[in-house]
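Spelled out from the first residue to the last, the chains are:
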Amino acid sequence: MVSIEEVEEMLDEIAATLPQEFYNKLNGGILLLPEVKMHPERREDNLYILGQYHSGGGLGRYITIYYGSFVQVYGHLSKELFYKELEKTLIHEFTHHIESLAGEDSLVEKDKKKLQEYKEKHP
């Protein structure tokens, strides 16, 4: 299993490869939290939140990655595959950030559609 310290190093490495423009107005940065976060609309105990983009409130704009959720979903993978899933999730959350700055919500709509498909499969 990948430790939280290893995931923190992975996140730092991935973040360093992203264009500096991605960080525009991301005043809260990227947070790695230890907990497992379940989706509030889950129908079974299998819908985890891996990351979230936060675009307001007292803490400003920031990205949260949930280590516990990653371990639940991808803990069985090799470090290389775990890294790739972490990278996909971080880029997904950055896409939310960039779209938010541009007044776009295409990815939000795509996420809503995926949630609706999940709910139809798990009534």
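Our subject in this report is the structure included herewith. (Residues numbered from 1 in each chain as written. Predicted model: local features only at pLDDT ≥ 70, side-chain atom pairs only at ≥ 80, totals over all residues. Heavy atoms only, no water.)

## Topic: the overall build of the chain
Argument step 1. Scanning the chain from N- to C-terminus turns up 4 helices and 3 strands.
Argument step 2. In the chain, the order of α-helices and β-strands from amino to carboxyl end is α-β-β-β-α-α-α.
Argument step 3. In terms of overall dimensions, the chain is globule-like: its C-alpha atoms have a radius of gyration of 15 Å, near the 14 Å expected for 123 residues.
Argument step 4. Along the first, second and third principal axes, the C-alpha set of the chain runs to 40 × 35 × 25 Å.
Argument step 5. Out of the 123 residues in the chain, the part that is buried amounts to 35%.
Argument step 6. Sequence-distant contacts in the chain: of pairs separated by 6 or more residues, those separated by 24 or more amount to 65%. (Helix = DSSP H or I, 4+ residues; strand = E, 2+ residues; numbered from the N terminus. Rg over C-alpha atoms; globule rule 2.2 N^0.38 Å. Buried < 20%, exposed > 50% of the residue type's maximum accessible area, 1.4 Å probe, protein only. Contact = heavy atoms within 4.5 Å.)

## Examining helix α3 (residues 79-102)
Argument step 1. With 24 residues, α3 ought to run about 34 Å at 1.5 Å a step, and its terminal C-alpha atoms sit 34 Å apart, in line with that.
Argument step 2. Where α3 is buried, its residues contact α1 (4-17), β1 (29-33), β2 (51-55), β3 (61-66), α2 (67-74) and α4 (106-121).
Argument step 3. Downstream of α3 by one or two residues, Gly 103 has phi in the positive range, about 75 degrees. (Expected span 1.5 Å × (residues − 1).)

## Focus on the sheet that holds β3
Within a beta sheet, neighbouring strands are joined by backbone hydrogen bonds and run either parallel or antiparallel to one another.
Argument step 1. Pairing is mixed in the open sheet, where 3 strands are placed in the order β1-β3-β2. Every other strand in the sheet has two partners, leaving β1 and β2 as the edge strands with one partner each. Geometrically, the sheet is characterised by an average inter-axis angle of 20 degrees between neighbouring strands, direction not taken into account.
Argument step 2. Along the sheet, α1 makes contact with β1 and β3, crossing β1 at roughly 160 degrees.
Argument step 3. Contacts from α3 reach β1, β2 and β3, with the element oriented near 160 degrees to β3. (Pairing = 2+ DSSP bridges. Axes fitted to C-alpha atoms, helices over the stretch in contact; angles between N-to-C directions.)

## A closer look at the pairing of β3
Argument step 1. Summarising burial for β3: 5 of the 6 residues are buried, a large majority.
Argument step 2. In this structure, β2 lies alongside β3, joined through 5 bridges in antiparallel fashion. Opposite His 54, over in β3, you have Tyr 62 as the bridge partner.
Argument step 3. Taken together, β2 and the strand that follows it, β3, pair antiparallel across an intervening segment of 5 residues, in which Gly 57 is found at a positive phi of about 85 degrees.

## Things to note about a negative patch on the surface
Argument step 1. A contiguous patch of negative charge, built from Glu 5, Glu 8, Glu 9, Asp 12 and Glu 13, is present on the exposed surface.
Argument step 2. Examined against the element boundaries, Glu 13 turns out to sit in helix α1.
Argument step 3. The exposure class of Glu 13 is partly exposed, given its relative accessible area of 48%. (Patch = residues over 30% accessible without salt bridge, like charges linked within 9 Å, V, L, I, M, F, W, Y side chains within 5 Å. Areas by Shrake-Rupley, 256 points an atom, 1.4 Å probe, with all protein chains shown as cover. Salt bridge = Lys/Arg side-chain N within 4 Å of Asp/Glu carboxyl O. Lys, Arg positive; Asp, Glu negative; His and termini not counted. Charge placed at Lys NZ, Arg CZ, Asp CG, Glu CD.)

## Details of the packing of aromatic side chains
Argument step 1. All told, the structure shown has 4 aromatic pairs when counted by the stated rule.
Argument step 2. When the centroid spacing of 5.8 Å and the interplanar angle of 45 degrees are considered together, the rings of Phe 70 and Tyr 74 count as tilted. Here Phe 70 pairs with Tyr 74, and both are found in helix α2, just 4 residues apart, close to one helical turn. Here Phe 70 matches Tyr 74 in class, with each residue buried.
Argument step 3. Here the aromatic cluster, defined as three or more aromatic residues joined through ring pairs, consists of Phe 22, Tyr 23 and Phe 94. (Phe/Tyr/Trp six-rings, centres within 6.5 Å; stacked < 30°, edge-to-face > 60°.)

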